[in-house]
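The primary structure of each chain is shown beneath.
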Amino acid sequence: MNDDDSTVALTVAKRQANQLTSNGFVLLNQLGGSQLVASVLAASKRKMHEIRDALGERDIGIGSAAGFEEIVQRSPGRWDVPISMSEFGLRDCDLPWWSLIATMLGEDAEHSFSGVVSSEPSSPAQFWHSDSPHVSSEHLGPHAINVMMALQDVTMEMGPTECARGSHLLTNHLSNPALKIDELVYQHLSTTPASLVKGTDHHEPECAAESLAAGTCLIFDDRLLHRGLANRSISTRHMAYFSYRKKGYVGNTHFEAQRSVFDLAD
Ligand SMILES: O=C(O)CCC(=O)C(=O)O
(Lines give C-alpha, C1' and ligand atoms only; values in the text may rest on other atoms or scores of the structure.)
Protein backbone atom coordinates (compact mmCIF):
# COMPACT_ATOMS: atom_id res chain seq x y z
CA MET A 1 0.00 0.00 0.00
CA ASN A 2 1.42 3.47 -0.82
CA ASP A 3 0.91 6.54 1.41
CA ASP A 4 -2.17 7.71 -0.54
CA ASP A 5 -3.80 4.27 -0.27
CA SER A 6 -3.19 4.04 3.46
CA THR A 7 -4.63 7.56 4.02
CA VAL A 8 -7.79 6.52 2.13
CA ALA A 9 -8.01 3.23 4.11
CA LEU A 10 -7.67 5.16 7.37
CA THR A 11 -10.39 7.64 6.38
CA VAL A 12 -12.74 4.79 5.43
CA ALA A 13 -12.05 2.94 8.71
CA LYS A 14 -12.75 6.16 10.68
CA ARG A 15 -16.06 6.71 8.85
CA GLN A 16 -17.11 3.12 9.53
CA ALA A 17 -16.02 3.46 13.18
CA ASN A 18 -18.13 6.64 13.53
CA GLN A 19 -21.17 4.85 12.12
CA LEU A 20 -20.60 1.87 14.41
CA THR A 21 -20.26 4.22 17.38
CA SER A 22 -23.47 6.15 16.69
CA ASN A 23 -25.76 3.48 15.19
CA GLY A 24 -24.31 0.48 17.02
CA PHE A 25 -23.85 -1.32 13.71
CA VAL A 26 -22.49 -0.91 10.22
CA LEU A 27 -23.34 -2.97 7.13
CA LEU A 28 -20.41 -3.40 4.73
CA ASN A 29 -21.52 -4.64 1.35
CA GLN A 30 -19.50 -7.67 0.12
CA LEU A 31 -16.59 -6.92 2.43
CA GLY A 32 -15.75 -10.62 2.26
CA GLY A 33 -14.53 -11.61 -1.19
CA SER A 34 -15.77 -14.70 -3.01
CA GLN A 35 -12.74 -16.81 -2.04
CA LEU A 36 -13.14 -16.03 1.65
CA VAL A 37 -16.89 -16.73 1.49
CA ALA A 38 -16.38 -20.04 -0.31
CA SER A 39 -13.76 -21.33 2.14
CA VAL A 40 -15.73 -20.22 5.23
CA LEU A 41 -18.93 -21.79 3.83
CA ALA A 42 -17.16 -25.08 3.07
CA ALA A 43 -15.60 -25.25 6.58
CA SER A 44 -18.96 -24.32 8.14
CA LYS A 45 -20.93 -26.99 6.31
CA ARG A 46 -18.29 -29.61 7.14
CA LYS A 47 -18.35 -28.79 10.85
CA MET A 48 -22.14 -28.39 11.01
CA HIS A 49 -22.64 -31.85 9.46
CA GLU A 50 -20.11 -33.48 11.79
CA ILE A 51 -21.74 -32.02 14.90
CA ARG A 52 -25.36 -32.57 13.77
CA ASP A 53 -24.43 -36.20 12.99
CA ALA A 54 -23.02 -36.64 16.51
CA LEU A 55 -26.15 -35.03 18.00
CA GLY A 56 -28.50 -37.23 15.95
CA GLU A 57 -32.22 -36.82 16.67
CA ARG A 58 -31.75 -35.75 20.29
CA ASP A 59 -33.74 -32.71 21.35
CA ILE A 60 -31.37 -30.27 23.06
CA GLY A 61 -33.76 -27.47 23.96
CA ILE A 62 -33.18 -23.80 23.39
CA GLY A 63 -30.39 -21.54 24.62
CA SER A 64 -26.79 -21.56 25.65
CA ALA A 65 -27.15 -23.44 28.95
CA ALA A 66 -29.26 -26.20 27.36
CA GLY A 67 -26.76 -26.82 24.57
CA PHE A 68 -23.40 -28.48 24.18
CA GLU A 69 -19.86 -27.16 23.85
CA GLU A 70 -20.12 -27.85 20.13
CA ILE A 71 -23.67 -26.72 19.34
CA VAL A 72 -26.42 -24.48 20.71
CA GLN A 73 -29.95 -24.11 19.38
CA ARG A 74 -30.37 -20.33 19.72
CA SER A 75 -34.08 -20.41 18.84
CA PRO A 76 -36.16 -23.14 17.17
CA GLY A 77 -34.31 -24.32 14.04
CA ARG A 78 -31.44 -21.83 14.43
CA TRP A 79 -28.19 -23.72 15.11
CA ASP A 80 -24.96 -22.16 16.32
CA VAL A 81 -21.79 -24.22 15.87
CA PRO A 82 -18.51 -22.69 17.10
CA ILE A 83 -15.59 -23.07 14.69
CA SER A 84 -12.05 -22.02 15.62
CA MET A 85 -9.85 -19.86 13.43
CA SER A 86 -7.55 -22.81 12.81
CA GLU A 87 -10.53 -24.90 11.66
CA PHE A 88 -11.46 -22.02 9.35
CA GLY A 89 -7.81 -21.81 8.25
CA LEU A 90 -7.81 -18.04 8.90
CA ARG A 91 -5.93 -15.43 10.92
CA ASP A 92 -7.88 -12.47 12.34
CA CYS A 93 -5.27 -9.91 11.33
CA ASP A 94 -5.64 -10.94 7.66
CA LEU A 95 -9.41 -10.45 7.61
CA PRO A 96 -10.89 -7.41 5.84
CA TRP A 97 -12.66 -6.17 9.01
CA TRP A 98 -9.58 -6.31 11.24
CA SER A 99 -8.64 -2.61 10.89
CA LEU A 100 -12.16 -1.61 12.02
CA ILE A 101 -11.99 -4.01 14.99
CA ALA A 102 -8.56 -2.63 15.96
CA THR A 103 -9.84 0.94 15.61
CA MET A 104 -12.81 0.21 17.90
CA LEU A 105 -11.28 -2.18 20.47
CA GLY A 106 -7.54 -1.45 20.22
CA GLU A 107 -4.68 -3.16 18.40
CA ASP A 108 -4.56 -5.72 21.23
CA ALA A 109 -8.23 -6.76 20.68
CA GLU A 110 -8.78 -10.47 21.29
CA HIS A 111 -10.71 -13.08 19.33
CA SER A 112 -13.48 -14.47 21.56
CA PHE A 113 -15.59 -16.79 19.36
CA SER A 114 -16.23 -17.69 15.79
CA GLY A 115 -18.55 -20.11 14.08
CA VAL A 116 -21.67 -20.36 11.99
CA VAL A 117 -25.37 -19.71 12.70
CA SER A 118 -27.64 -21.61 10.34
CA SER A 119 -31.39 -21.05 10.33
CA GLU A 120 -33.51 -23.76 8.78
CA PRO A 121 -36.56 -23.18 6.61
CA SER A 122 -39.57 -22.32 8.83
CA SER A 123 -37.40 -21.21 11.76
CA PRO A 124 -39.24 -18.32 13.43
CA ALA A 125 -37.89 -14.86 14.19
CA GLN A 126 -35.91 -14.62 17.41
CA PHE A 127 -36.87 -12.42 20.32
CA TRP A 128 -34.85 -9.23 20.48
CA HIS A 129 -31.68 -9.49 22.58
CA SER A 130 -28.22 -8.08 23.10
CA ASP A 131 -25.17 -10.34 23.34
CA SER A 132 -23.68 -8.89 26.53
CA PRO A 133 -24.67 -6.31 29.14
CA HIS A 134 -23.20 -2.87 29.77
CA VAL A 135 -20.46 -2.86 32.39
CA SER A 136 -20.85 0.70 33.70
CA SER A 137 -23.78 3.04 34.36
CA GLU A 138 -22.04 5.69 32.29
CA HIS A 139 -21.93 4.94 28.54
CA LEU A 140 -18.53 3.51 27.59
CA GLY A 141 -17.14 2.50 24.22
CA PRO A 142 -17.78 -1.09 23.14
CA HIS A 143 -16.20 -3.99 25.04
CA ALA A 144 -17.05 -6.49 22.28
CA ILE A 145 -17.93 -6.43 18.60
CA ASN A 146 -19.40 -9.09 16.32
CA VAL A 147 -18.93 -9.55 12.61
CA MET A 148 -21.62 -11.60 10.87
CA MET A 149 -20.80 -12.46 7.27
CA ALA A 150 -23.47 -13.70 4.82
CA LEU A 151 -22.30 -17.01 3.34
CA GLN A 152 -24.79 -16.82 0.49
CA ASP A 153 -27.13 -14.16 -0.87
CA VAL A 154 -29.65 -13.68 1.94
CA THR A 155 -33.04 -12.49 0.72
CA MET A 156 -35.60 -10.92 3.06
CA GLU A 157 -37.50 -14.21 2.85
CA MET A 158 -34.46 -16.03 4.30
CA GLY A 159 -34.48 -13.75 7.36
CA PRO A 160 -31.43 -11.50 7.64
CA THR A 161 -30.43 -10.12 11.05
CA GLU A 162 -32.52 -7.13 12.15
CA CYS A 163 -30.96 -4.35 14.26
CA ALA A 164 -32.50 -1.62 16.40
CA ARG A 165 -30.51 1.45 15.39
CA GLY A 166 -28.75 3.16 18.29
CA SER A 167 -30.15 0.68 20.84
CA HIS A 168 -26.65 0.02 22.28
CA LEU A 169 -27.10 3.45 23.91
CA LEU A 170 -30.39 2.33 25.50
CA THR A 171 -29.70 -1.22 26.77
CA ASN A 172 -27.89 -0.06 29.90
CA HIS A 173 -29.58 -1.87 32.80
CA LEU A 174 -27.17 -0.09 35.20
CA SER A 175 -28.56 3.33 34.29
CA ASN A 176 -32.16 2.25 33.58
CA PRO A 177 -33.54 0.15 36.47
CA ALA A 178 -36.60 -0.80 34.38
CA LEU A 179 -34.35 -3.08 32.30
CA LYS A 180 -33.56 -6.57 33.53
CA ILE A 181 -30.21 -8.03 32.55
CA ASP A 182 -31.50 -11.58 31.94
CA GLU A 183 -34.33 -10.29 29.75
CA LEU A 184 -31.78 -8.41 27.63
CA VAL A 185 -29.12 -11.05 27.07
CA TYR A 186 -31.35 -14.11 27.02
CA GLN A 187 -34.09 -13.89 24.45
CA HIS A 188 -37.27 -12.72 26.13
CA LEU A 189 -40.67 -11.86 24.71
CA SER A 190 -40.91 -8.62 26.70
CA THR A 191 -37.69 -7.11 25.30
CA THR A 192 -38.39 -4.93 22.26
CA PRO A 193 -37.07 -1.64 20.89
CA ALA A 194 -40.15 0.00 22.48
CA SER A 195 -39.50 -1.54 25.92
CA LEU A 196 -36.05 0.10 26.04
CA VAL A 197 -37.56 3.59 26.00
CA LYS A 198 -40.71 3.01 28.07
CA GLY A 199 -40.96 5.73 30.73
CA THR A 200 -38.02 7.70 29.27
CA ASP A 201 -37.73 10.73 26.94
CA HIS A 202 -35.91 8.72 24.27
CA HIS A 203 -37.40 7.87 20.87
CA GLU A 204 -38.03 4.24 20.05
CA PRO A 205 -35.07 2.97 18.00
CA GLU A 206 -35.78 2.37 14.33
CA CYS A 207 -35.57 -1.25 13.10
CA ALA A 208 -33.26 -2.00 10.19
CA ALA A 209 -32.97 -5.20 8.15
CA GLU A 210 -32.09 -5.65 4.51
CA SER A 211 -31.21 -8.40 2.08
CA LEU A 212 -27.51 -9.20 1.95
CA ALA A 213 -25.29 -10.14 -0.97
CA ALA A 214 -22.88 -12.99 -0.15
CA GLY A 215 -19.83 -11.62 1.67
CA THR A 216 -21.74 -8.68 3.18
CA CYS A 217 -20.77 -8.13 6.80
CA LEU A 218 -22.98 -6.83 9.58
CA ILE A 219 -20.63 -5.50 12.25
CA PHE A 220 -22.27 -4.61 15.55
CA ASP A 221 -21.67 -3.59 19.13
CA ASP A 222 -22.35 -6.55 21.46
CA ARG A 223 -24.81 -4.38 23.43
CA LEU A 224 -27.04 -3.65 20.41
CA LEU A 225 -30.58 -5.07 20.35
CA HIS A 226 -30.83 -7.42 17.37
CA ARG A 227 -32.53 -10.63 16.24
CA GLY A 228 -32.45 -13.12 13.41
CA LEU A 229 -35.66 -12.89 11.36
CA ALA A 230 -37.82 -15.85 10.33
CA ASN A 231 -36.62 -18.02 7.47
CA ARG A 232 -39.67 -18.22 5.18
CA SER A 233 -37.65 -19.66 2.27
CA ILE A 234 -36.92 -23.26 1.35
CA SER A 235 -33.14 -22.90 1.89
CA THR A 236 -31.06 -22.96 5.05
CA ARG A 237 -29.49 -19.56 5.73
CA HIS A 238 -25.84 -19.59 6.88
CA MET A 239 -24.12 -16.62 8.53
CA ALA A 240 -20.54 -16.95 9.81
CA TYR A 241 -19.66 -14.96 12.91
CA PHE A 242 -16.39 -13.65 14.30
CA SER A 243 -16.55 -12.05 17.75
CA TYR A 244 -13.90 -9.85 19.33
CA ARG A 245 -13.42 -8.37 22.78
CA LYS A 246 -11.34 -5.65 24.33
CA LYS A 247 -8.29 -7.07 26.03
CA GLY A 248 -9.29 -8.00 29.59
CA TYR A 249 -13.08 -8.26 28.99
CA VAL A 250 -14.21 -11.65 30.33
CA GLY A 251 -18.06 -11.73 30.21
CA ASN A 252 -19.54 -14.71 28.41
CA THR A 253 -23.10 -15.95 28.14
CA HIS A 254 -22.53 -17.36 24.69
CA PHE A 255 -21.52 -20.95 25.37
CA GLU A 256 -22.46 -21.91 28.93
CA ALA A 257 -22.95 -25.68 28.58
CA GLN A 258 -20.14 -27.92 29.78
CA ARG A 259 -20.97 -31.15 28.02
CA SER A 260 -19.87 -32.56 24.72
CA VAL A 261 -21.91 -34.18 21.94
CA PHE A 262 -19.08 -36.68 21.67
CA ASP A 263 -19.80 -37.95 25.21
CA LEU A 264 -23.40 -38.85 24.36
CA ALA A 265 -24.31 -42.50 24.74
CA ASP A 266 -25.85 -44.13 21.63
O1 LIG B 1 -29.39 -15.52 13.18
C2 LIG B 1 -29.18 -14.32 13.29
O3 LIG B 1 -29.32 -13.51 12.38
C4 LIG B 1 -28.76 -13.75 14.62
C5 LIG B 1 -28.46 -14.79 15.62
C6 LIG B 1 -28.31 -14.24 16.98
O7 LIG B 1 -28.31 -13.06 17.20
C8 LIG B 1 -28.19 -15.15 18.11
O9 LIG B 1 -28.48 -16.33 17.95
O10 LIG B 1 -27.82 -14.68 19.22
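Presented here is a report on the structure given in the accompanying data block.

### Topic: the sheet that holds strand 7 (residues 207–208)
And then number 1: If you trace the 3 strands from one edge of the open sheet to the other, you get 7-6-9, paired in antiparallel fashion. Either end of the sheet is taken by a strand with one partner, and the two such strands are strand 7 and strand 9 (226–228).
And then number 2: Where strand 6 (residues 161–164) and strand 7 come together, 2 bridges link them in antiparallel fashion. Looking across to strand 7, one finds that C163 is bridged to A208.

### Examining helix 2 (residues 34–55)
And then number 1: For helix 2, with 22 residues, the first-to-last C-alpha span of 31 Å sits near the 32 Å given by 1.5 Å per residue.
And then number 2: Of the positions making up helix 2, those classed as buried are V37, V40, S44, K47 and M48. For helix 2, the arc enclosing every buried residue in end-on projection is 115°, short of the 170-degree limit, so these residues lie on one face. Across helix 2 from its buried face, at more than 90 degrees, point the exposed residues S34, Q35, R46, H49 and D53.
And then number 3: Those residues of helix 2 hidden inside the fold are in contact with strand 3 (78–82), helix 3 (85–88), strand 4 (110–119), strand 5 (144–150) and strand 10 (237–245).
And then number 4: Positioned one or two residues after helix 2, G56 has a phi angle of 60°, which is positive.

### With respect to the pairing of strand 2 (residues 72–75)
And then number 1: Summarising the sheet, strand 2 and strand 3 pair through 3 bridges and their orientation is antiparallel. Bridging across to strand 3, V72 finds its partner in D80.

Calculation notes
- Residues numbered from 1 in each chain as written.
- Predicted model: local features only at pLDDT ≥ 70, side-chain atom pairs only at ≥ 80, totals over all residues.
- Pairing = 2+ DSSP bridges.
- Helix = DSSP H or I, 4+ residues; strand = E, 2+ residues; numbered from the N terminus.
- Expected span 1.5 Å × (residues − 1).
- Buried ≥ 20, exposed ≤ 12 C-beta atoms within 10 Å, placed from the backbone.
- Arc of directions from axis to C-beta.
- Contact = placed C-beta atoms within 7 Å.

So yeah, pure geometry; function would need other evidence.
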